[in-house]
Structure formats: C-alpha cells, structure tokens
Amino acid sequence: MTTTNTAPIKWAQRSDSLYITIALQDVKNETIDLSDKELKFKGESGGKSYEVNIEFFKSVDSKDSTYKVLPRSVQMHVMKEKPKEEDEEEEEEFWTRLLKDKTLEKNQVKIDWDRYVDEDEEKEGFDTSALEGGSGMGGMPGMGGPGGPGGMGGMPGMEGMGGMPGMGGMGGMPGMEGMGGMPG
C-alpha cells in the first residue's frame, strides 16, 4: 500500500470548542497527534491508508481535548485556547474557518451541518456523550421511548406510520372511501 488518501473531515464549532469528525468507517492502526497548533492523523479503513495533516486557524487546548474511534468515524471534541488573562475583554469567539490555509480548507474540510449552529443561536455546547464510553449510542435523539423528543419517538407501536397498515393499493388512506371504482 503505497498510496495514502486524504481522510474526509467535517467540523462544527461553539464559542469554546470544535467538533471534528474524520469520516472513515472501522478505522484500524490509527495514530492521532493533536497539538495546540495542528492535528495529524493516520489510519486504515477498508484496506486503504488515510491521513490528515492540518494546521488550525487559531490555537487550541490539546490537553483538555478528547477523541474516540467509533465504528463509523473518529470523533474529536477539541477545546479552543482560552483568551489570556490580560485579554479579558476579548471573549471566546467563533472562527471564520477551521484551517489556517484557505485553499486546503476548500478541498479537505466540510461543515458538519448536523452539529452546526449559528453564532447568535448558540445555547449550549456539543452533545459529547458519544465520546464518554458506553456503546456509542448516547447521542441518538429521541431514544427515550414513546413520547421522547424528535426522531424515534413513536417506534414501539409503529402508530405513526400513516398508511402502512393497509399496504394494499390505496387501502388505509382516510378520506378516500368515496373514490368510485377504486378497491378499498
């Protein structure tokens, strides 16, 4: 294996942190080197070698940052460097981009729209439960059973599946009984 591919990267941010996803499945033999200025990643996925060598737009706090290799990707919660004490009036801010090099950013990095929030709509940090061990299912919305938030709320009884029970032609669609000539 002499060819090394560039791993696809997605990112989102909050005022105090970055959430970086290296979108590779079943990563093996990975090496991840996160410093305050850059991220270096090497790993194998699907029998191919991948790497990432990026320099951040601004400094990060590598000591307080975490990552986890999950079955579908490598997830990283990278803390932005806090402003120095003498810069107290300068609060944590949103970055205009992830990388120092604009050209590399256009070719290597995509916005993670699933985690994206607008700067003025930020209410809380990232859901990092997937990084905290367990089965990696912590971040799935609505897994609280019936009536849970969004997503999978009504799964147990499948009541919310609309016309599924009929399954025969147009059968089972309310309000369609008066359609002459159609088997019901």
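Reading guide: rules and limits
Counting restarts for each chain: residues are numbered from 1 in the order of the written sequence. pLDDT decides what is reported in this predicted model: residues at 70 or higher carry local features, side-chain atom pairs at 80 or more are listed and counted, and totals for whole chains, interfaces and linings draw on all residues regardless. To obtain the side-chain values, all non-hydrogen atoms of the structure were included, while hydrogens and water were left out. The term salt bridge refers to a side-chain nitrogen of Lys or Arg lying within 4 Å of a carboxyl oxygen of Asp or Glu. Helix and strand definitions here come from DSSP, where helices need a minimum of 4 consecutive H or I residues and strands a minimum of 2 consecutive E residues; each element is numbered from the N-terminal end. The cut-offs for exposure are 20% and 50% of the maximum accessible area for each residue type, with area from a 1.4 Å probe on protein chains only; residues under the lower value are buried, those over the upper are exposed, and the others partly exposed. A contact between two residues is defined here by any heavy atoms of the two lying within 4.5 Å. Patches draw on residues past 30% relative accessible area with no salt bridge. Two like charges within 9 Å are joined, as are two nonpolar side chains (Val, Leu, Ile, Met, Phe, Trp, Tyr) within 5 Å. Using a 1.4 Å probe, the Shrake-Rupley method yields the accessible areas, and only the shown protein chains count as cover for residues. When charges are counted, neither His nor the chain ends are considered; positive counts come from Lys and Arg and negative counts from Asp and Glu. Working definition for charges: the position is that of NZ of Lys, CZ of Arg, CG of Asp or CD of Glu. Two strands form a pair only when DSSP identifies at least two bridges running between them. Per residue, pLDDT measures the predictor's confidence, with a range of 0 to 100.

Caption draft 1: Layout of the pattern of salt bridges. Applying the stated criterion to the full structure yields four salt bridges. The shortest N-O distance in the salt bridge between Glu38 and Lys40 comes to 3.8 Å. Among the ionic pairs, Glu93 bridges to Lys58, the shortest N-O distance being 2.3 Å. In this pair, Glu93 is assigned in the loop between β8 (74-80) and α1 (102-108) and Lys58 in the loop between β6 (48-55) and β7 (60-69), connecting sequence segments 35 residues apart.

Caption draft 2: Geometry of the environment of Arg72. Along the chain, Arg72 falls in the loop between β7 and β8. On the basis of relative accessibility, which here comes to 61%, the residue Arg72 falls in the exposed class. The residues contacting Arg72, other than those within four sequence positions of it, are Ala23, Leu24 and Gln25.

Caption draft 3: Inspection of a negative patch on the surface at higher detail. Where like charges cluster on the molecular surface, the negative patch consists of Asp118, Glu119, Asp120 and Glu121. Checked against the element boundaries, Glu119 lands in the segment after β9 (109-111).

Caption draft 4: Local environment of the pairing of β6. Of the pairings in the sheet, the one linking strand β1 (residues 4-6) to β6 comprises three bridges and is parallel in character. Bridging across to β6, Thr4 finds its partner in Ser49. Counting the residues in the hairpin turn of strand β5 (residues 38-45) and β6 gives two residues, including Gly46, whose phi is positive at 60°.

Caption draft 5: The confidence of the model for the chain, seen in detail. Chain-level pLDDT for the chain is 77 on average; 62% of the residues reach the 70-or-more range. By mean pLDDT, the top-scoring element of the chain is β5 (97), and the lowest-scoring one is α1 (90). The low-confidence segment residues 134-154 (pLDDT under 50) makes 19 contacts with residues lying over four places distant or belonging to another chain.

Caption draft 6: Structural view of the pairing of strand β3 (residues 17-22). For β3, the tally of buried residues reaches six of six residues, placing the bulk of the element in the interior. Between the end of strand β2 (residues 9-13) and the start of β3, which pair antiparallel, lie three residues. Pairing geometry for β3 and β8, over six bridges, is antiparallel. Considered in β8, the bridge of Ile20 is made with Met76.

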